[in-house]
Amino acid sequence: EVQLVESGGDLVQPGGSLRLSCEVSGFTFSSYWMSWVRQAPGKGLEWVANINQGGSEKYYVDSVRGRFTISRDNAKNLLFLQMNSLTAEDTAVYYCARDPYSSSQFDYWGQGTLVTVSS
Amino acid sequence: QSALTQPASVSGSPGQSITISCTGTSSDIGAYNYVSWYQQHPGKAPKLMIYDVNDRPSGVSNRFSGSKSGNTASLTISGLQAEDEADYYCSSYTSSSTLVFGTGTYVTV
């Protein structure tokens, strides 16, 4: 059974940092592009970043480029999102998602982890 | 990259058909056939309903279908059922190698 489980969400002060993790199981992690998608409370979905199978290609939405870093550890089946210089606008549920078609279309999603940026 | 434009809400009676539009630009929907549709119930993760404009993942009802014309994609739900009441989001790959989602549409049955 394919599973994606996010963790690391927390309450953090503006300007702070946080590292999210996504532990996957039930499939060959190293064969898939992966993405992070977020959803602010009561708002729509926003794609954040993606990474290719080996970690050599990474893309970001403009609003997080230079502040967030996506990475992966294929040996441990883990996807990460390092978030720095956080602002209130980064408050959201963060989902990791699997991209089986290498075209930013996602067939499996985690349950999400909540990041709250507030003083 | 601006969000794709969807109607805020669409409603229909059980058994009817509805169509949700998703309008983008020549840099996203108009440029690629990598258009997806997701269903999201409150408090739940999104679920892939359509990919590559009009393909359905295994297990998704054939009441859901997708299409595209120019810079606009559409999702049609036929034989509307109570369980279809949810938020629906379109998405498209872009010429910047990024992804953009639609603004979301709430379907009321």
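All values derive from a computational prediction rather than experimental measurement.

A. Spotlight on the pattern of salt bridges. Under the counting rule described, the total for this entry stands at six salt bridges over all chains. One salt bridge connects D90 of chain A with R67 of chain A, and the closest N-O pair in it is separated by 2.8 Å. In this pair, D90 of chain A sits in the loop between strand 8 (78–83) and strand 9 (92–99) while R67 of chain A sits in the loop between strand 6 (58–60) and strand 7 (68–73), placing the two residues 23 residues apart along the sequence. Neither D90 of chain A nor R67 of chain A differs from the other in exposure class; each is buried. As a salt-bridge pair, R63 of chain B and D84 of chain B come within 2.7 Å of each other at their nearest N and O atoms. Placement of the pair is R63 of chain B in the loop between strand 4 (47–50) and strand 5 (64–69) and D84 of chain B in the loop between strand 6 (72–77) and strand 7 (86–93), with a sequence separation of 21 residues. Of the two residues, R63 of chain B and D84 of chain B, neither departs from the other in class, the shared state being buried. It is possible to trace a salt-bridge network through shared partners that takes in R38, E46, R67 and D90 of chain A.

B. Just the sheet that holds strand 1 (residues 3–7) of chain A, in detail. Residues and elements named next belong to chain A. The four strands are arranged 1-3-8-7 in an open sheet whose pairing can be described as antiparallel. Two strands bound the open sheet, and with one partner strand each, they are strand 1 and strand 7. Averaged over neighbouring strand pairs, the angle between their axes works out to 15° when direction is ignored. In terms of strand pairing, strand 7 meets strand 8 through six bridges, oriented antiparallel. When the bridges of strand 8 are listed, T69 appears paired with Q82.

What counts and what doesn't
- Residues numbered from 1 in each chain as written.
- Chains lettered and ligands numbered in written order.
- Predicted model: local features only at pLDDT ≥ 70, side-chain atom pairs only at ≥ 80, totals over all residues.
- Heavy atoms only, no water.
- Salt bridge = Lys/Arg side-chain N within 4 Å of Asp/Glu carboxyl O.
- Helix = DSSP H or I, 4+ residues; strand = E, 2+ residues; numbered from the N terminus.
- Buried < 20%, exposed > 50% of the residue type's maximum accessible area, 1.4 Å probe, protein only.
- Pairing = 2+ DSSP bridges.
- Axes fitted to C-alpha atoms, helices over the stretch in contact; angles between N-to-C directions.

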